[in-house]
Amino acid sequence: MTAIRGARERARSEITAAIKDEARRQLAAEGAAKLSLRAVARELGMASSALYRYFPSRDDLLTALIIDAYNAVGEAAETARDALRGPRAGDPLTRWRTVCGAVRGWALAHPHEYALIYGSPVPGYSAPQTTTEPAARVGLALIGVVRDAYAAGTLKEPAEPLPDVLLGEALALAAELGVELPGAVTARLVAAWAQLFGLLSFELFGQFNGVIEARTEFFDQSVLQLARGVGLPTPR
């Protein structure tokens, strides 16, 4: 019985992976708004009723793809950070640049999946709570770099005070994440997180065409400025 159950689980896993692969192909060709379970089933030679046993609706399939994409970019960032060895492993600026560079590398290699999670919202789709934790992985990787610098006493805190309304939100966010950071630092981290993906979106969606050609150099310099903005020690 165990062997039969194991074979069924493997078969289900393989079919699920095939469905996702075909859905990603359709994302690349048509965009998320035109993703269709019937079209996926047709390309795989499945009956629509059979596919519904794996993903009951288009939104269920979209959610699975979104979670996979968030986890993939998060894993890329974490793996690159954890691969650092020697003195570089403890240098906050190197860790910051490494995380940001890994996110860019993943985005350039997977532009359609990047567009799914950071592009235009899909009409009629509302992401469920299950996407929240995977979506936070890159942000948590960046927060970890700043948190360690703060604990080591090398972080330069912002001199400008935050308005009370922003300070309250920043402190609430830090408490929710279980991170001991000053409110002003947390607020700057959120801004840096948003700016990082703004840079990537401009690059991937063509806003830099005819404006910035040295994309890697521009990105590296911008990441340095973001690090400086959150208070990490940087060369002048």
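So, a few notes on the structure that sits alongside this text. (Residues numbered from 1 in each chain as written. Predicted model: local features only at pLDDT ≥ 70, side-chain atom pairs only at ≥ 80, totals over all residues. Heavy atoms only, no water.)

Some details on the packing of helix H4 (residues 58-82) against helix H8 (residues 137-151)
Turning to step 1, where the next piece is worked out: The N-to-C vectors of H4 and H8 enclose an angle of 25°; their axes lie 8 Å apart at closest approach. Considered as vectors, H4 and H8 are oriented roughly parallel to each other. For the pair formed by H4 and H8, the contact residues are Asn71, Val73, Gly74, Glu75, Ala77, Glu78 and Arg81 on the first element and Arg137, Val138 and Ala141 on the second. (Axes fitted to C-alpha atoms, helices over the stretch in contact; angles between N-to-C directions. Helix = DSSP H or I, 4+ residues; strand = E, 2+ residues; numbered from the N terminus. Parallel < 35°, antiparallel > 145°, perpendicular 65-115°, else oblique. Contact = heavy atoms within 4.5 Å.)

As for the packing of H8 against helix H10 (residues 183-204)
Turning to step 1, where the next piece is worked out: Remark: H8 packs on H10, axes separated minimally by 11 Å, with the N-to-C direction vectors making an angle of 135°. Considering the angle they form, H8 stands oblique to H10. For the pair H8 and H10, the sense of crossing is right-handed. Mapping the contact onto sequence places Val138, Gly139, Leu142, Ile143 and Val146 in H8 and Val185, Leu189, Trp193, Leu196 and Phe197 in H10. (Left-handed = near helix turned anticlockwise from the far one by under 90°.)

Regarding the side chain of Glu203
Turning to step 1, where the next piece is worked out: Inspection of the secondary structure assignment puts Glu203 in helix H10.
Turning to step 2, where the next piece is worked out: Ignoring sequence-local partners within four residues, the contact set of Glu203 consists of Arg104, Leu108, Phe208 and Arg215.

So, empty space enclosed by the protein
Turning to step 1, where the next piece is worked out: In the structure shown here, the tally under the stated rule is one cavity of 30 Å³ or more.
Turning to step 2, where the next piece is worked out: Computed from the structure, the largest cavity encloses a volume of approximately 40 Å³.
Turning to step 3, where the next piece is worked out: Contributing to the lining of the largest cavity are Leu199, Glu203, Phe208, Arg215, Phe218 and Phe219.
Turning to step 4, where the next piece is worked out: The element best represented in the lining of the largest cavity is helix H11 (residues 215-230), accounting for three residues.
Turning to step 5, where the next piece is worked out: By residue class, the composition of the lining of the largest cavity is four nonpolar, no polar and two charged. (1 Å grid on protein atoms, 1.4 Å probe; cavity = no way out; pocket = protein on both sides within 12 Å on 5 of 7 lines; lining within 4 Å. Points joined across faces, edges and corners; volume = space filled by probe spheres on them. Nonpolar A, V, L, I, M, F, W, Y, C, P; charged D, E, K, R; others polar.)

Here's the deal with the layout of surface pockets
Turning to step 1, where the next piece is worked out: The calculated volume of the largest pocket comes to roughly 410 Å³.
Turning to step 2, where the next piece is worked out: Lining the largest pocket are 22 residues, with Ala136, Leu140, Leu173, Leu177 and Trp193 positioned closest to its centre.
Turning to step 3, where the next piece is worked out: Contributing elements (two or more residues each) for the lining of the largest pocket: helix H7 (132-135), H8, helix H9 (164-177) and H10.
Turning to step 4, where the next piece is worked out: A class-by-class count of the residues in the lining of the largest pocket yields 15 nonpolar, four polar and three charged.

Observations concerning the packing of aromatic side chains
Turning to step 1, where the next piece is worked out: Inspection of every chain in the model, using the stated rule, returns seven aromatic pairs.
Turning to step 2, where the next piece is worked out: Residues Tyr70 and Tyr118 carry aromatic rings whose centres are separated by 5.9 Å and whose planes lie at 85° to one another, so their mutual orientation is edge-to-face. With Tyr70 in helix H4 and Tyr118 in helix H6 (residues 111-118), this residue pair connects regions lying 48 residues apart in the sequence.
Turning to step 3, where the next piece is worked out: When its relative accessible area of 21% is taken as the criterion, Tyr118 is described as partly exposed.
Turning to step 4, where the next piece is worked out: Between Tyr114 and Phe205, the ring centres sit 6.0 Å apart and the planes meet at 55°, which makes this aromatic pair tilted. Of the two residues, Tyr114 sits in helix H6 while Phe205 sits in the loop between H10 and H11, which places them 91 residues apart along the sequence. (Phe/Tyr/Trp six-rings, centres within 6.5 Å; stacked < 30°, edge-to-face > 60°. Buried < 20%, exposed > 50% of the residue type's maximum accessible area, 1.4 Å probe, protein only.)

Re the environment of Pro111
Turning to step 1, where the next piece is worked out: Tracing the chain through its elements places Pro111 in helix H6.
Turning to step 2, where the next piece is worked out: With 80 residues separating them in the primary sequence, Pro111 and Ala191 have C-alpha atoms 23 Å apart.

Side note on the nonpolar core
Turning to step 1, where the next piece is worked out: With 59 residues, the main nonpolar core has Leu61, Trp96, Val146, Leu189 and Leu232 as its most contacted residues.
Turning to step 2, where the next piece is worked out: Counting only elements with at least two residues in this core, the list comes to helix H1 (2-30), helix H2 (37-44), H4, helix H5 (92-109), H6, H8, H10 and H11.
Turning to step 3, where the next piece is worked out: The element best represented in this core is H4, accounting for nine residues.
Turning to step 4, where the next piece is worked out: For Leu232, the contacting residues outside a window of four places in its chain are Pro92, Trp96, Val145, Val146, Ala149, Leu155 and Ala227. (Core = buried A, V, L, I, M, F, W, Y, C linked by side-chain atoms within 4.5 Å.)

Examining the pattern of salt bridges
Turning to step 1, where the next piece is worked out: Applying the stated criterion across every chain yields a total of eleven salt bridges.
Turning to step 2, where the next piece is worked out: The salt bridge involving Asp68 is made with Arg24; its shortest N-O contact spans 2.9 Å. On the criterion of sequence distance, the pair formed by Asp68 in helix H4 and Arg24 in helix H1 is long-range, its members being 44 residues apart.
Turning to step 3, where the next piece is worked out: Its relative accessible area of 23% is what places Arg24 among the partly exposed residues.
Turning to step 4, where the next piece is worked out: Across the pair Asp59 and Arg58 runs a salt bridge, and its minimum N-O distance is 2.9 Å.
Turning to step 5, where the next piece is worked out: What you see here is one network of salt bridges that share partners, running through Lys20, Asp21, Arg24, Asp68 and Glu113. (Salt bridge = Lys/Arg side-chain N within 4 Å of Asp/Glu carboxyl O.)

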